[in-house]
Amino acid sequence: MKPTDINDPEYFHKVVDCQYACPAHTPVPEYIRLIAQGKYTEAYMINWESNVFPGVLGRTCDRPCEPACRRVRVEEEPVAICRLKRVAADNKSNVKPFMPQGPFPSNSKKIALIGGGPASLTVARDLAPLGYEIHLYDEWESGGGMMRTQIPSFRLPLEVLNEEVNYILDMGIHTHFNHYVDSMAQILSKDYDAIFVGTGAPRGRQLDLPGYKEAQQHVQIGIEFLANVAFEHTEEIGKKVIVLGGGNTAMDCCRTSKRLGADHVYVVVRSPKADMKASPWEIDDAEREGINILNNLPPKAYVMENGKFIGMHFEHVQAVYDDNGKRKLIPTGEEDLFIEATDVILAIGQDNAFPWIERDLGLEFGKWNLPVLDRNTFQSTLPKVFFGGDAAFGPENVITAVAHGHQAAISIDLFCKGESLAKRPAPMTNLISQKMGIHEWTYDNHIADDLRYLVPHEDNEKALKDRKVEVELGFGKETGFKEAMRCLNCDVQTVFATNLCIECDACVDVCPTDCITFTENGEELELRERLNAPALNKSQDLYVSDILPTARVMVKDEDVCLHCGLCAERCPTAAWDMKKYLYNVTKSYEQDGAGVTI
Amino acid sequence: MSYIKPQFHHPELKKNKVGYYKTDYEGVISTLCAGCGHDSISSAIVHACYEISLEPHRLAKLSGIGCSSKTPAYFLSNSHGFNSVHGRMPSVATGAGLANRDLIYMGISGDGDTASIGMGQFVHAVRRNINMVYIVMNNGCYGLTKGQDSATADFGSISKSGSENPYTAIDLVGLALELNAGFVGRSFSGDKSQLVPMIKAALSHPGFAFIDVISPCVTFNNNQGSTKSYSYVRDHIEATSVLDFVPFEEEIKVDYEDGTSAELELFNGSKIVLSKISSHWDPRNKILAKKYLNESKENGQILTGLFYIDTETESFHKKLNTVTTPLNKLSKNDLCPGSSKLTDINKTFM
Ligand SMILES: Cc1cc2nc3c(=O)[nH]c(=O)nc-3n(C[C@H](O)[C@H](O)[C@H](O)COP(=O)(O)OP(=O)(O)OC[C@H]3O[C@@H](n4cnc5c(N)ncnc54)[C@H](O)[C@@H]3O)c2cc1C
Ligand SMILES: Cc1ncc(C[n+]2csc(CCOP(=O)(O)OP(=O)(O)O)c2C)c(N)n1
Ligand code: SF4
Ligand code: SF4
Ligand code: SF4
Ligand SMILES: [Mg+2]
C-alpha cells in the first residue's frame, strides 16, 4: 500500500465517525468535551454553527451519528450524542452575543425563501450576515415548517423551537407568514436575485380500500392530523384509533391520539417489526405508553355496519426474503383480523408536490415529481432557483435539511457574486498536538467503561394527560458529565512520524485493541488479513507509514482504536503523537477565498 | 500518564482452549521507561501463555530486583508471584519448586540480578536442574540504578556517559551450556516471532530452561557505541533457526524441506520444529552448539535461536526421587505415619 496521505482533509475526518456520519458534519467530540468541562455555552455554539437547531435536534434528531459511533464497535451502545446536545442547550447561558449581530450592511441583493422549515431557515442564517435582504414565505402563522407542524410538543416544546427559530428571524429576515405561494412565475417576476425552495414534502398519502367512500370522514391523513393538533384545530379523537404505517409519523400519530383521549390505540404495520422504518427509540417510547404495535397485517377494507364505521379488516401475511434480500409478503391463509375502531389515521408516507410551480418556466422535474438538481450545488435547471430539504430529494429529516441549507447558501452566494458554483470552499481543518507534558494530554484519555446512561422520562400518567408535557426530561448535569466521559475522543488522532520510530514495539505491546502492526508492506486486502488483529471492517481505513529502517511499514487499523493515547505514552521517541483534528464545513459567511473545485 | 488499562479489547479476540482471552494474561500498566525492551518480553510471555492455553493459576512468577524483575507485575496478574531479594530468586524458586511441584515456575531476572549479585545462586539452580523457565532480560546494564555497566556488557561497549567497558562479558548462554542446562536459547525482545515459540517450548520443558533475551535499555544503553542498542542488535543479529512450537495433539502444519528441518518431541508430547539455517545444525548436539556460539562471537555476530535441548533431561524431582504429591499437600499422617510404620521400617535394618 502507498503511505497514507494524512494531509487529505477527508482522511482524519473519516476517523471521527460521528462527525463524518452527521450530514452537517458537526464536530461532535469537540462539543462533548466542552460539555464535560461544563462549558455549555461554547458547546451550544459549536452546534449552532453546524446544525443551527441544537435544542431542537438535541431532542428530535434522527441521529445518523449514533450508529456510526466507534463505541458500537468496541462496546455496544453508542455515546448518547444526541441527548448530550440537549444538555448543552438546556444549560447554556445567553448565547446571542456570540451570534452574528445585525443590522448587517446591505449587499443590495434580494433572496426569496419559499417555505419556512429548517432548510430555508439555514439559508437565511447563512446569508443574512453577508448583507442579503431575505424574504421568507410560509403558509403557516409562524416559522419552523414541520418542526412546528409535525413534531409533537411532547417531544419538542414550543419554547425551544421558538427560541431557535427566532435567533434567525431576529437577524432581520422579512417574514411573509400566512402566505401560501401559489405561483412560481409570480415570484420570478419579482426582483429576487435568487430563489430557494424549501417547501418540504407536504402531501400525505391516501389509502383507497373497499369501504373508503363510506368511512371517509373517519379517516385522516397523519401529517394533516398532526398539523391540526399543533395549531389546536383538532382537540379530540374517538376512543379506538387505528394508525396505519410503521414510520416515525405513525409513532407521533399514535402517541398524540392517546393524549387526545383515545383508550385503545393500535399501530398496524404491513411488515415485520424488524423492517419498520420508525427509529427504535420512537417505537420504545410508543410501547412504553401502552400502544399496541401489530405487525404482518396489511389492511384490506374499511368496515361499515348499519351505516356506521366500526373498524378495519387486515390480512395475515408472512415475510419471505429471496437470495437478494428482497422481501415478499405472502398471505398465510389465516382468517382476516378485524380491529374495532372509531378513527383511522394514515401514516403511510409522504410525497413531494409542487402544484404551485408552473411547468413552463424551464424548471425541469424528473422522477417522482422531484426537481432536476445538481447534487452538490442544489441548483435547478432554472439557474436562479435552488432547492433544499425534503423538497430536494424527498423526505429526510431536519439535520439533512440543515446540511442542504448550508450548501445551497454557498451556491446562492457564489451565484449572486457571478462566480462558479463548482468552486466550493474547502473545509477548515486544524491538527494540533495535545501533548502537555511527557505523558500528559490536554484531553482526558482515560477510557470510561460505563454503559450508556438512560434519559429519564416523565411519568406516563402525567405525560399522557397533556400533549404539551415533554416526555423526555433530559440528562441532568451530573449524568450528562458521565455520559460525556464515554466519548472516545475520536477527533484526537494518532499521528505517526516514520523518521522518529526506532521499532521498539512498545506501541504494539501496549495497544489494548491490537491496532498496530509492524510488517512487510503488501496489497491492502492481503495486508488486512495478516495484521496482529485482522482488519476485517473494510469501511475503516488502514493507516500505513513510509518504509522503516527494517524495511517494514507501520500499519494501523483505524477500526477499533480507542484514542487512548497509550501508544503515544509508551513511545520513547514521540513517533506517535496525539493531535486534535478540527474539521469544519465552511459556511457561506465564513469563506476566505480558498476553495476546492468539484 | 495513564495508570489504568482500558477494559476494552479487540472485538474479534478469541478465547483460548481454557476459556481465557489474551487480556486475561496481562498485568497492570507498565511503569518501565517507554520503549524498554523488557515490556516486549512481557508481551511475548502473555502471548505464549495465552497461545498454549495455560491456566494462569498454574503458574508462579518469581523475580529478584531490577527493572527486569519488576516486570512480573506487568503480565499474568492472575498468577502467583514472589518478588524476592536482589539475586536471590533462584533460591526462592528452589524452595517453591520443592514445596509444590505442581506449579509451573517462571523466573524473571536481569543481567545484573543474574550475572553479578546472583551468580552464585544462578549456577546452582542450573546445576540442580530446577524445574523452571529462567528468563534473563539482558540489557547489559543496571537499568534500575541508572545504567552502570553490568557483567554482560561487551568489552569495549560504550556507556551513555561515554566510558568504554574495560572488562570482558560473561556469556550466560555459554555458562548455562557449560553447566549442563537442558534447554538453552537466546532471543531478542524485538523479535516476537522467535521469542514467543521459544517461551512456549521452554514452558513445556521439564527441568531448567534458560532463555537469554537481549533487551535494550532505551534510557541508559541505547546510545551510539552500545552493543545492546536496538540498532546494534538489529545489525548484528544472526538466527540459527526458525522455531515453531506445536502443542501436543496439534498437527504440524508447515511442510519443511527434507534435511533442513528437525522435529523434536518434548516429554509432554508437544513438538518443536526447527527449520534450520545450516544443514549441519542439530540442537541436540552440545559440542556443535558451543562451536557455533564461539564462532559467531569471533565474527561479532549475536547468535540467537534454540541452541541446545536435552529431551531426556532428568529433572530435579527425578534426581531427588520426590513423591508425586506436592510436599505442601502431604498431611500429618503422610509425614508421621505412626509408630507401627516406624517399627516396620526399623525391621528392615535388622
Ligand atoms: C410526523 C413527522 C415527524 C417528524 N419527526 C422528525 C424528527 O423527530 N426528527 C427529524 O429530524 N425529522 C423529523 N421529521 C422530518 C422533518 O420534519 C423534515 O424532514 C424537515 O422538517 C424538512 O425540512 P424542510 O425545511 O425541507 O421543510 P419543512 O419542514 O417541511 O417545511 C416546509 C414549510 O413550507 C411550507 N410550504 C410548503 N409549500 C409552500 C408554499 N407553496 N408556500 C408557502 N409555504 C409552503 C410548509 O407548510 C412548511 O411549513 C418528521 C416529519 C414528520 C412528518
Ligand atoms: C542487595 C542489593 N544490592 C544492590 C541493590 C541495588 N540494585 C538494584 S537493581 C540493581 C541492578 C539491576 O540490574 P539488572 O538485574 O540488570 O536489572 P535491569 O534494571 O537492568 O533490568 C542493583 C545493583 C539492591 N537493590 N539490592
Ligand atoms: S490510541 Fe494507540 S494505544 Fe490506544 S487504541 Fe489507538 S492505537 Fe491503540
Ligand atoms: S513505540 Fe514509538 S518508537 Fe517504538 S515502535 Fe512504536 S512508534 Fe516506533
Ligand atoms: S531504565 Fe532501562 S531497563 Fe529500566 S525501565 Fe528504563 S529502559 Fe527499561
Ligand atoms: Mg540489566
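What you are looking at is a predicted structure, and each value in this text was computed from that prediction instead of being measured. Each chain carries its own residue numbering, running from 1 in the written order of its sequence. By the order in which they are written, chains take letters starting at A while ligands take numbers starting at 1. Given that the model is predicted, a residue must reach a pLDDT of at least 70 before its local features are reported, and side-chain atom pairs must reach 80 or more before they are shown or counted; all residues, however, enter totals for whole chains, interfaces and linings. Derived side-chain values reflect all non-hydrogen atoms in the structure, with water molecules and hydrogen atoms excluded from consideration.

This next bit is on the site of ligand 2. All names here are of chain B. Working definition: residue near molecule or strand if any one of its non-hydrogen atoms lies within 4 Å of it. Contacts to ligand 2 come from 17 residues, most closely from Cys 67, Ser 68, Asp 111, Gly 112 and Asp 113. Within the backbone of Cys 141, one N or O atom sits 2.9 Å away from an oxygen atom of ligand 2. Backbone polar atom of Gly 143 to an oxygen atom of ligand 2: 2.8 Å apart, as the coordinates give it. Accessible surface is estimated by sampling points in the Shrake-Rupley manner with a 1.4 Å probe; for residues, cover comes only from the protein chains shown. Bound to the protein, ligand 2 loses 74% of the 580 Å² it would expose on its own. Contributions of two or more residues to the shell around ligand 2 are made by helix 2 (67-70), helix 4 (111-115) and strand 5 (141-142). Here the element with the most residues in the shell around ligand 2 is helix 4; it accounts for three residues. The term polar contact refers here to a pair of N or O atoms within 3.5 Å; inside protein, the definition further demands a hydrogen-donor-capable atom paired with an acceptor-capable atom, and it admits residues adjacent in sequence only when both atoms are side-chain atoms. Per the convention used, a helix needs a DSSP run of H or I reaching at least four residues, while a strand needs a run of E reaching at least two, with both numbered from the N terminus.

Time to look at the coordination of the magnesium ion (ligand 6). Residue and element names in this part refer to chain B. Sites may look incomplete, because water is not among the atoms used; the donor set itself consists of N, O and S atoms within 2.8 Å of the metal (3.2 Å for Na, K and Ca). Those donors, Asp 111 (OD), Asn 139 (OD1) and Cys 141 (O), are the protein atoms that reach the magnesium ion (ligand 6), and they lie 2.1 to 2.2 Å from it. Here the donor residues of the magnesium ion (ligand 6) share one chain and are spaced in sequence as D-x27-N-x1-C. One end of the pair, Asp 111, is in helix 4; the other, Asn 139, is in the loop between strand 4 (132-138) and strand 5, with 28 residues separating them in the sequence. Only protein chains enter the accessibility calculation, which uses a 1.4 Å probe; a residue is then buried when its area is under 20% of its type maximum, exposed when over 50%, and partly exposed in between. A relative accessible area of 2% places Asp 111 in the buried class. A residue is classified by how much of its surface remains accessible, and Asn 139, at 3% relative accessible area, is buried.

All names here are of chain B. Position of Glu 263 among the secondary structure elements: in strand 11 (residues 261-265). Look at Glu 263 and you get partly exposed, because its relative accessible area is 47%. Taking C-alpha positions, Glu 263 is 30 Å from Gly 37, a pair spaced 226 residues apart along the chain.

Residues and elements named next belong to chain A. Omega for the peptide link from Gly 102 to Pro 103 comes to -10 degrees, which places this bond in the cis form. When you line up the elements, Pro 103 lands in the loop between helix 8 (81-91) and strand 1 (110-114). The backbone of Arg 63 sits at a positive phi, close to 50 degrees, despite the residue not being glycine. Mapped onto the elements of the fold, Arg 63 is located in the loop between helix 5 (54-60) and helix 6 (65-68). A residue is classified by how much of its surface remains accessible, and Arg 63, at 7% relative accessible area, is buried. Despite not being glycine, Ala 551 shows a phi value in the positive range, around 75 degrees.

Residues and elements named next belong to chain A. The topology assignment puts His 457 in the loop between strand 21 (440-441) and helix 19 (460-465). Sequence separation of His 457 and Gly 474 is 17 residues, and the distance between their C-alpha atoms is 7.9 Å. Contacts between residues were defined by any pair of non-hydrogen atoms, one from each residue, lying within 4.5 Å. If we ignore the near neighbours within four places in the chain, the residues touching His 457 are Asp 285, Arg 288, Val 471, Glu 472 and Leu 473. One polar contact links His 457 to Arg 288, side chain to side chain, over a distance of 2.9 Å. Separated by 3.0 Å, the side chain of His 457 and the backbone oxygen of Val 455 make a polar contact.

Residue and element names in this part refer to chain A. Think of each axis as a best-fit line through the C-alpha atoms, taken over the contacting stretch in the case of a helix, with angles from 0 to 180 degrees between the N-to-C directions. Where helix 15 (residues 248-259) contacts helix 16 (residues 280-288), the two axes come as close as 10 Å, and the packing angle between them is 20 degrees. By the criterion of interaxial angle, the relationship of helix 15 to helix 16 is roughly parallel. In the crossing of helix 15 with helix 16, the sense of the turn from one axis to the other is left-handed. Residue-level inspection shows Asn 248, Met 251, Asp 252, Cys 254 and Arg 255 of helix 15 in contact with helix 16, the latter providing Glu 282, Ile 283, Asp 285 and Ala 286. Only Asp, Glu, Lys and Arg are considered charged, only Ala, Val, Leu, Ile, Met, Phe, Trp, Tyr, Cys and Pro nonpolar, and every remaining residue, Gly among them, polar. Class assignment of the residues belonging to the contact of helix 15 with helix 16 gives a composition of four nonpolar, one polar and four charged. Relative orientations are named as follows: roughly parallel for angles under 35 degrees, roughly antiparallel for angles over 145 degrees, roughly perpendicular for angles from 65 to 115 degrees, and oblique for any other angle. Crossings are assigned a handedness: left-handed for a near helix turned anticlockwise from the far helix by less than a right angle, right-handed for a clockwise turn.

Once that is clear, we can look at the sheet that holds strand 23 (residues 516-519) of chain A. Residue and element names in this part refer to chain A. Ordered by their spatial adjacency, three strands build an open sheet running 23-25-24, and the pairing between neighbours is antiparallel. Two strands close off the open sheet at either side, each with one partner strand: strand 23 and strand 24 (542-544). Taking the axes of each pair of neighbouring strands and ignoring which way they run, one obtains an average angle of 25 degrees across the sheet. Examined bridge by bridge, strand 24 and strand 25 (residues 553-557) share three bridges and lie antiparallel to one another. Bridge pairing in strand 25 links Tyr 543 to Lys 556. Think of it this way: DSSP has to see at least two bridges between two strands before they count as a pair.

Turning to its location among the elements, A:Ile291 is positioned in the loop between helix 16 and strand 9 (292-294). With residues up to four places along the chain from it excluded, the contact list for A:Ile291 reads A:Cys254, A:Arg255, A:Lys258, A:Val265, A:Val267 and A:Ala286.

The rule is short: rings of Phe, Tyr and Trp, with Trp giving its six-membered ring, pair when the centres are within 6.5 Å, and they are stacked under 30 degrees, edge-to-face over 60, tilted in between. Tallied over the full model, the rule gives 22 aromatic pairs over all chains. Aromatic side chains B:Tyr134 and B:Phe210 sit 6.0 Å apart centroid to centroid with 40 degrees between the ring planes, which places their arrangement in the tilted category. Remark: B:Phe210 occurs in strand 8 (residues 208-214) and B:Tyr134 occurs in strand 4; sequence separation between them is 76 residues. Each member of the pair, B:Tyr134 as well as B:Phe210, is classed as buried. Grouping aromatic residues by their ring pairs yields a cluster made of A:Tyr11, A:Phe12, A:Phe496, A:Phe518, A:Tyr543, A:Trp576, A:Tyr581 and A:Tyr583. Lying over the aromatic face of A:Trp281, A:Arg63 brings its terminal NZ or CZ to 3.6 Å of the ring centre. Consider the ring centre and the ring normal. A charge sits over the ring if Lys NZ or Arg CZ is within 6 Å of that centre and within 35 degrees of that normal.

Okay, the packing of helix 8 of chain A against helix 20 (residues 477-484) of chain A next. All names here are of chain A. Across the interface, helix 8 lies against helix 20 with an axial gap of 10 Å and an inter-helix angle of 140 degrees. Comparing the axis directions of helix 8 and helix 20 gives the class oblique. You can see that helix 8 and helix 20 cross each other, and the crossing is left-handed. Taken together, the residues of helix 20 that come into contact with helix 8 (itself represented by Leu 84, Val 87 and Asn 91) are Lys 477, Gly 480, Glu 483 and Ala 484. Split by residue class, the contact of helix 8 with helix 20 holds three nonpolar, two polar and two charged.

Moving on, we come to the site of ligand 5. Ligand 5 sits among B:Leu32, B:Cys33, B:Cys36, B:His38, B:Cys67, B:Asn139, B:Gly143, B:Cys217, B:Val218, B:Thr219 and B:Phe220. The residue makeup of the shell around ligand 5, split by class, is seven nonpolar, four polar and no charged.

Let us look at the interface of chain A and chain B. Of the residues lining the interface, 33 residues belong to chain A; the matching set on chain B comes to 27 residues. Joining two parts hides part of their accessible area as seen by a 1.4 Å probe, and the buried area is that hidden amount summed over both. When the two sides are added together, the surface that chain A and chain B hide from each other amounts to roughly 2400 Å², 56% of it contributed by carbon and sulfur. A per-residue breakdown of the area chain A buries against chain B is headed by A:Ile502, A:Asp509 and A:Arg570, which together make up 22% of the total. Any Lys or Arg side-chain nitrogen found within 4 Å of a carboxyl oxygen on Asp or Glu counts as a salt bridge. At the boundary of chain A with chain B, the tally comes to four salt bridges. Among the ionic pairs, A:Arg570 bridges to B:Asp39, the shortest N-O distance being 2.6 Å. Linking chain A with chain B are 17 residue pairs in polar contact (both at pLDDT 80 or more). When contributions to the side of chain A that touches chain B are tallied by element, the ones reaching two or more residues are helix 7 (70-74), helix 21 (506-510) and helix 23 (566-570) of chain A.

Let us look at the domain arrangement of chain A. Residues and elements named next belong to chain A. Domain boundaries assigned for chain A yield domain 1 (9-97 + 446-484), domain 2 (110-202 + 352-421), domain 3 (204-348) and domain 4 (492-588). Once you take the C-alpha centre of each, domain 2 and domain 4 turn out to be 44 Å apart. The partner domain 4 presents four residues to the nine residues of domain 2 that form the contact. Summed over both partners, the interface of domain 2 with domain 4 buries about 410 Å², with 60% contributed by carbon and sulfur atoms. Among the residues domain 2 hides against domain 4, the three largest losses belong to Asp 126, His 406 and Ile 410. Together they make up 60% of the total. Between the two partners, domain 2 and domain 4, sit zero salt bridges. Applying the counting criterion to the domain 2 and domain 4 interface returns one residue pair in polar contact (both at pLDDT 80 or more). When residues of the side of domain 2 that touches domain 4 are traced back to their parent elements, those giving at least two are helix 9 (118-127) and helix 18 (398-416). Sort the elements by how many residues they give to the side of domain 2 that touches domain 4 and helix 18 lands first, with five residues. Source of the domain bounds: an automatic or database domain assignment.

What follows concerns helix 7 (residues 192-203) of chain B. All names here are of chain B. Expected helix span is given by 1.5 Å per residue-to-residue step, counting one fewer step than there are residues. The end-to-end C-alpha distance of helix 7 is 16 Å, a good match for the 16 Å that twelve residues give at a rise of 1.5 Å each. In terms of burial, helix 7 is largely enclosed, as eleven of its twelve residues are buried. Taken together, the buried positions of helix 7 are occupied by Lys 192, Gln 194, Leu 195, Val 196, Pro 197, Met 198, Ile 199, Lys 200, Ala 201, Ala 202 and Leu 203.

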